[in-house]
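The primary structure of each chain is shown beneath.
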Amino acid sequence: MTAVSADDAWAVGETNTAKGTDHKTLILHRTANRWYVVPAEAPASSVLYGSAVAGGDSAWADGESASKGGIGGLVMRWNGAVWKPVANPLQGLNNAFYAIAASPGGDAWAVGADYNPSLTIRAATSMLWNGKTWRKVPVGPLPTRSILTGAAVIPGGTAWAVGYDGTGEGVRVLILRWTGHGWAQVANPEHGTLSNLIGVTATSPDNAWAVGAEQGQTLILHWNGKTWS
């Protein structure tokens, strides 16, 4: 969910049939002290995972759209009147977006994972919106099994992305920072296994929070401008 104010917020997700086989995007908007369902021109069998407000009447949502051949990354944009899909370089098969973040200046990041045809091996992926088009931005070098599930943008060009790498009992926290030229992995205090992050938010270059889980317990990390703790 993304909130602009106490009475202006967006929430995204999905609806499906009783058998859970017919997925459709679900977008809710809170205004005038009520939540309303907002129609979207989304492809069939689509799911939305993340939302972000870019300022004014502009907002973003991302997720995935399924077809007989697999899944493909889905990005949608609100122009003040309607939600519509936006072309992106990862609309092909076997990838998905799990988070999106935007700044009032117009920049936006979408993060997620690329998959192999069997949807078992994943590699973290990201895209950047420059105000006109989306372009894929390399993420790495990272372990072949890595995924990004949260993103945050700070006015001025800095961005964060969080998630995890590994599988099974080898899952570990993953934190990346955008330097203006590329993504750099940032050290964090979680060196054990079975830890992950699912969301991140930032208010300034010296203040960011990331949340997730470690060994089945709540995990909260804070960035003070120098280190995560």
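Look a little higher up for the structure.
Residues numbered from 1 in each chain as written. Predicted model: local features only at pLDDT ≥ 70, side-chain atom pairs only at ≥ 80, totals over all residues. Heavy atoms only, no water.

## As for the packing of aromatic side chains
Turning to step 1, where the next piece is worked out: Per the stated rule, a full pass over the model turns up 13 aromatic pairs.
Turning to step 2, where the next piece is worked out: Their ring planes at 65 degrees and their centres at 5.6 Å tell us that Trp178 and Trp183 sit as a pair that is edge-to-face. Residue Trp178 shares its accessibility class with Trp183, and that shared class is buried.
Turning to step 3, where the next piece is worked out: Three or more aromatic residues joined by ring pairs form one cluster here, namely Trp10, Trp78 and Trp83. (Phe/Tyr/Trp six-rings, centres within 6.5 Å; stacked < 30°, edge-to-face > 60°. Buried < 20%, exposed > 50% of the residue type's maximum accessible area, 1.4 Å probe, protein only.)

## Examining the sheet that holds strand 7 (residues 70-78)
Turning to step 1, where the next piece is worked out: Here we have four strands laid out as an open sheet, ordered 5-6-7-8, and antiparallel in their pairing. The outermost strands of the open sheet, each flanked by one partner alone, are strand 5 (46-55) and strand 8 (83-85). Between one strand and the next, the sheet's axes are offset by a mean angle of 25 degrees, whatever the strand orientation.
Turning to step 2, where the next piece is worked out: Sheet topology note: the strand 6 (residues 58-67)/strand 7 ladder contains nine bridges and is antiparallel. (Pairing = 2+ DSSP bridges. Helix = DSSP H or I, 4+ residues; strand = E, 2+ residues; numbered from the N terminus. Axes fitted to C-alpha atoms, helices over the stretch in contact; angles between N-to-C directions.)

## Regarding the sheet that holds strand 18 (residues 207-214)
Turning to step 1, where the next piece is worked out: The sheet built from three strands is open, its strands ordered 17-18-19 with antiparallel pairing. Edge strands, defined here as strands with exactly one partner in the open sheet, are strand 17 (195-204) and strand 19 (217-223). Strand-to-strand twist of the sheet, defined as the mean angle between neighbouring strand axes without regard to direction, takes the value 20 degrees.
Turning to step 2, where the next piece is worked out: For strand 17 and strand 18, the ladder comprises eight bridges, and the chain directions are antiparallel. The residue of strand 18 that forms the bridge with Ala202 is Ala208.

## Quick word on the pairing of strand 3 (residues 24-31)
Turning to step 1, where the next piece is worked out: Two strands pair when backbone bridges link them, and strand 2 (residues 8-15) and strand 3 are joined in this way by seven bridges, in the antiparallel orientation. The residue of strand 3 that forms the bridge with Ala9 is Arg30.
Turning to step 2, where the next piece is worked out: Direction of pairing for strand 3 relative to strand 4 (residues 34-37): antiparallel, over a ladder of four bridges. Bridging from a neighbouring strand, Leu28 pairs with Val37 of strand 4.
Turning to step 3, where the next piece is worked out: What sits between the antiparallel neighbours strand 3 and strand 4 is a turn of two residues, in which Ala32 has the positive phi angle 55 degrees.

## Regarding the pattern of salt bridges
Turning to step 1, where the next piece is worked out: Throughout the structure, instances matching the rule amount to one salt bridge.
Turning to step 2, where the next piece is worked out: The shortest N-O distance in the salt bridge between Asp114 and Lys136 comes to 3.1 Å. Of this pair, Asp114 sits in strand 10 (residues 108-115) while Lys136 sits in strand 12 (residues 134-137); the two residues are 22 residues apart in sequence, bridging distant segments of the chain.
Turning to step 3, where the next piece is worked out: With relative accessibility at 19%, the residue Asp114 sits in the buried group.
Turning to step 4, where the next piece is worked out: Residue classification places Lys136 among the partly exposed positions, given a relative accessible area of 41%. (Salt bridge = Lys/Arg side-chain N within 4 Å of Asp/Glu carboxyl O.)

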